[in-house]
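Here's the letter readout for the chains.
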Amino acid sequence: MWRDLGLAVLVLLSAAVESNSTSPPGKPVLLSCRSPEKETFTCWWEPGSDGGLPTTYRLYYERERLEGVHECPDYWSAGSNSCFFNKTHTLIWVDYYLTVVASNALGNATSDIFKMDVMEIMKPNVPENVTLLVVETEDSPYLHIRWEHPRNTDTESGWVTIKYELRIKQEKNNKWKEYMSGTQSHFSLYSIAPGGVYTVQVRCKLDHGSWSEWTNSTNVKVPNYVQNERSFWILVATLSAIPFMAAMCILIVKRENVKQCVLPPVPGPKIRGVDFHLLMSGQSEDSTNALIINQNFPLIVGWKDQMEEYLIVTENDIGPPSDASHCQKRKKSLIIPAGFCSDWEIQCKSTHIQNDCAGGTKNETGNFPKNNKSLSGESLSYMEPSKLQKQQCLGQNFVNTEATDPSPLNYDNAVKPFTNSGYVDIRKHVENTQEVNVKQVDYSRVEDVNGDNVFILNNKNLAFNSSGYMDFQRQEEKLSEDYSRVKEVGSNNVVVLQIQDMSADTKNPHATGAHKMGVCTELINSEYIDTIPAPPLM
Amino acid sequence: MLLIWCAVLILACLELSTRVGTAPICSYGQAGCHTPSLADIFDRVIQQSSRMHGISSDLHSEFEQYFFPSKNLIGKPKCHTHGIVTPADKENAQRLGREQLTEVILRLLGAWGDPLLQLYRSMSQDQNQDFNHYSSNKALEISDMVHELRDGVAKMAEKMKLSGVLGNTVGYISPEGLVPSSSFSFYKHGELNSMDHHDLLYCFRRDSNKIKNYLQILKCTTLPGLDC
């Protein structure tokens, strides 16, 4: 008995356990309905618990302007837990009242009423065949995007109006940029970056309905060629800029040369015979004398690298000039520029003869003419032609030389140091020196010319002008002067001059001839022309 | 002198240019007036109807949001345009033909002129505090739009008749003849309650959508082009 009771309890318990696992179904929930093209629609529900028993679901609907309750025409086309209304069962602008009933062996469960109008549940499918194309124009490329309307959507009858929207993203950014396309199924995007990768998505909506889902991303890469072209031109510009910069640098570095080349210095005004430096240094006496003297006898001054040697051969009993004033006066003599050159045997060298009136210096022997016999420590007479084509005047030639040493000949030799010229000043003096306010100067008068020798016989003291050149000038009118080369100096105050037959353009140092008169030829190759009017001998 | 002459020239040119202004659009087809083409009229009308529908949708959603939180609890509204037979799907609409379609459009538009005005008045008075100031403005706007649209569609029908596109079966439709007064409580000239407001907005939203859709179909059957 106890065993039977236990068995009964067991059976009851098992029965109870079994009955606890089953129940009427839970309440299903209608989720949403959707019409993709305004001609059909689909509704989905979510089932509740099934209560452990096989449960069936049915959808019932009521509709405005339709009597009765109707069941879903199609449970399978749209998948499980769905109801598909085809074209015949779909009306727009009418209200549908839907309910889903879940039933199993133990009971039913009814969902809430779901009211809907097809007008409100429109959501199209995604657009299709999104294609991207990079259109390469001359100015700039642009992106052309094309797509097609979603499947099953009738856009031609005007029943639905589709509006599109697209969004574009560049690969680097994460931001989408959205554009409205309206009813067009294409779109152009300008100002795209070369070399960039663009991602495009499109979606659409019907009338005033909901937007569809976005299409899958479509990518396109913009070719880089435009940038290459630009970089090519940049390279060309850079390469051409390098030689240009180099040329500019060279010009800047050598700007002095360039300046000299382009803008040559304009020579300043120059007055002949005026030593600018002499002027500046303040030796006004000399300069003014030079200016004054320069009337007929243009003077070139300032030739520093050639010394002018000036010989004044004097013949008098006066000892070596010791007073400075005398010397000073003698300084004022002609200055022959060093440009003179002759082809004599006399070397055309500039000699620097120091005139030290106080101390007296020896004459430098640089320019002894060949034909001159050098006196031993005596008054010597030499001329320093120094590129001088001398004219030789016969007649009363006076050679005025000075020697610093006291000479037995009682020559007053004073060699004047002048710059850069060799020059023999043949000073003429006239006997009637009283006509001219001249100082006493020692001159030797040529007494006679014999053959090619000039004999100076007189040892008269001749007046020496304060200005040597002046003296010369005044005297030149009276005497035809020539410059002669002293051949030798005799012991009896005789200076032997060598007459040379000179022509203006021949350089004939040894031309000699009998000349009665001195031939004064113009000195050539120099700016310094002795315009001594003399009867031509030739 | 030259300056004065130049100034005179410039002034004359300006005056001439202002004279050659834009040609006015004449409503009665007067001589010398520039009348828009049928395509232009269609575009304008469709645009207007689309805008009208948008405003009415906004009003309806506002109302539902603040007044009726759950739309499933609302009873089945009855619209006073219930009597107007309108095609409810594409095939029916296409089968209807242009003339009938035009007539339906005109009927719908005619049926809504007075009710919308009443709605506006009721909303502006608003003893129930259902609406704010902006909503009543919108009601006024759609009320005006309905009137304009009706005139526009009528002109469009005339133009279509002239161009031979439309038959002569479309006659003038008076508002009173369209709507059976029994189903329309608004002609009571009484006060409207909230329920009435809701029903009106609901019904007008639907009807404006119908109007817009029918116009689009009409356009695409009359002038098939790129926009369809």
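Note that the coordinates shown come from a computational prediction; the quantities given were computed from them, not determined experimentally.

## Here we look at the sheet that holds strand S13 (residues 186-189) of chain A
All names here are of chain A.
Then, in step 1: Sheet architecture is open: three strands sit in the order S9-S10-S13, paired in antiparallel fashion. The two strands at the open ends of the sheet, each matched to only one other strand, are strand S9 (128-135) and S13. The sheet shows a mean angle of 15 degrees between the axes of neighbouring strands, taken without regard to direction.
Then, in step 2: Across six bridges, the pairing between S9 and strand S10 (residues 142-148) is antiparallel.

## Observations regarding the sheet that holds strand S1 (residues 29-34) of chain A
Residue and element names in this part refer to chain A.
Then, in step 1: Spatially, S1-S2-S5 is the arrangement adopted by the three strands of the open sheet, whose pairing is antiparallel. Edge positions in the open sheet fall to S1 and strand S5 (82-85), since each of these has one partner strand only. This sheet shows a mean twist of 15 degrees between the axes of neighbouring strands, independent of strand direction.

## With respect to the UniProt feature "transmembrane region" (unreviewed entry) in chain A
Then, in step 1: Taken from the UniProt record, the annotation "transmembrane region" (unreviewed entry) applies to residues 232-253 of chain A.
Then, in step 2: For residues 232-253 of chain A, helix accounts for 100% and strand for 0%, while the C-alpha atoms at its two ends are 32 Å apart.

## Brief notes about the side chain of A:Gln201
Residue and element names in this part refer to chain A.
Then, in step 1: Along the chain, the position of glutamine 201 falls in strand S14 (residues 197-206).
Then, in step 2: One polar contact links glutamine 201 to arginine 167, side chain to side chain, over a distance of 2.7 Å.
Then, in step 3: A distance of 3.1 Å separates a polar atom in the side chain of glutamine 201 from a polar atom in the side chain of serine 217.
Then, in step 4: In this view, glutamine 201 contacts Glu165, Leu166, Arg167, Trp176, Trp214, Thr215, Asn216 and Ser217; residues no more than four positions away in its chain are not counted.

## Considerations on the state of the cysteines
Then, in step 1: One pass over the structure, following the stated rule, counts three disulfides over all chains.
Then, in step 2: Shown here is the disulfide that connects A:Cys72 with A:Cys83, its sulfur atoms set 1.7 Å apart. Taking the sign of the S-S torsion, about 115 degrees here, the bridge from A:Cys72 to A:Cys83 comes out right-handed. On the criterion of sequence distance, the pair formed by A:Cys72 in the loop between strand S4 (66-71) and S5 and A:Cys83 in strand S5 is long-range, its members being eleven residues apart.
Then, in step 3: Take A:Cys72: its relative accessible area is 7%, and that puts it in the buried class.
Then, in step 4: With its sulfur 1.7 Å from that of its partner, B:Cys79 forms a disulfide with B:Cys203. Looking along the S-S bond of the B:Cys79-B:Cys203 disulfide, the torsion reads about -95 degrees, which is the left-handed sense. Taken together, the residues B:Cys79 in the loop between helix H2 (38-66) and helix H3 (90-96) and B:Cys203 in helix H7 (residues 194-222) connect sequence positions 124 residues apart.

## A look at unusual backbone geometry
All names here are of chain A.
Then, in step 1: Notably, lysine 38 is not glycine yet its phi reads approximately 70 degrees, a positive angle.
Then, in step 2: The residue lysine 38 is located in the loop between S1 and strand S2 (41-46) in this model.
Then, in step 3: Phi angles above zero are rare outside glycine, and asparagine 81 is one such case at about 55 degrees.

## Concerning the nonpolar core
Then, in step 1: If you look at the biggest cluster of nonpolar residues, it comprises 94 residues, and the most contacted ones within it are A:Leu59, A:Leu98, A:Met116 and A:Ile145.
Then, in step 2: No other element matches the eleven residues that helix H4 (residues 98-125) of chain B contributes to this core.
Then, in step 3: Here this core gathers at least three residues from each of two domains, domain 1 (29-117) and domain 2 (128-225) of chain A.

What counts, and where the lines are drawn
- Residues numbered from 1 in each chain as written.
- Chains lettered and ligands numbered in written order.
- Predicted model: local features only at pLDDT ≥ 70, side-chain atom pairs only at ≥ 80, totals over all residues.
- Heavy atoms only, no water.
- Pairing = 2+ DSSP bridges.
- Helix = DSSP H or I, 4+ residues; strand = E, 2+ residues; numbered from the N terminus.
- Axes fitted to C-alpha atoms, helices over the stretch in contact; angles between N-to-C directions.
- UniProt positions renumbered as here; feature names shortened; annotations may be inferred.
- Polar contact = N/O pair within 3.5 Å; in protein donor to acceptor, adjacent residues only side chain to side chain.
- Contact = heavy atoms within 4.5 Å.
- Disulfide = S-S within 2.5 Å.
- Buried < 20%, exposed > 50% of the residue type's maximum accessible area, 1.4 Å probe, protein only.
- Core = buried A, V, L, I, M, F, W, Y, C linked by side-chain atoms within 4.5 Å.
- Domains from an automatic or database assignment.

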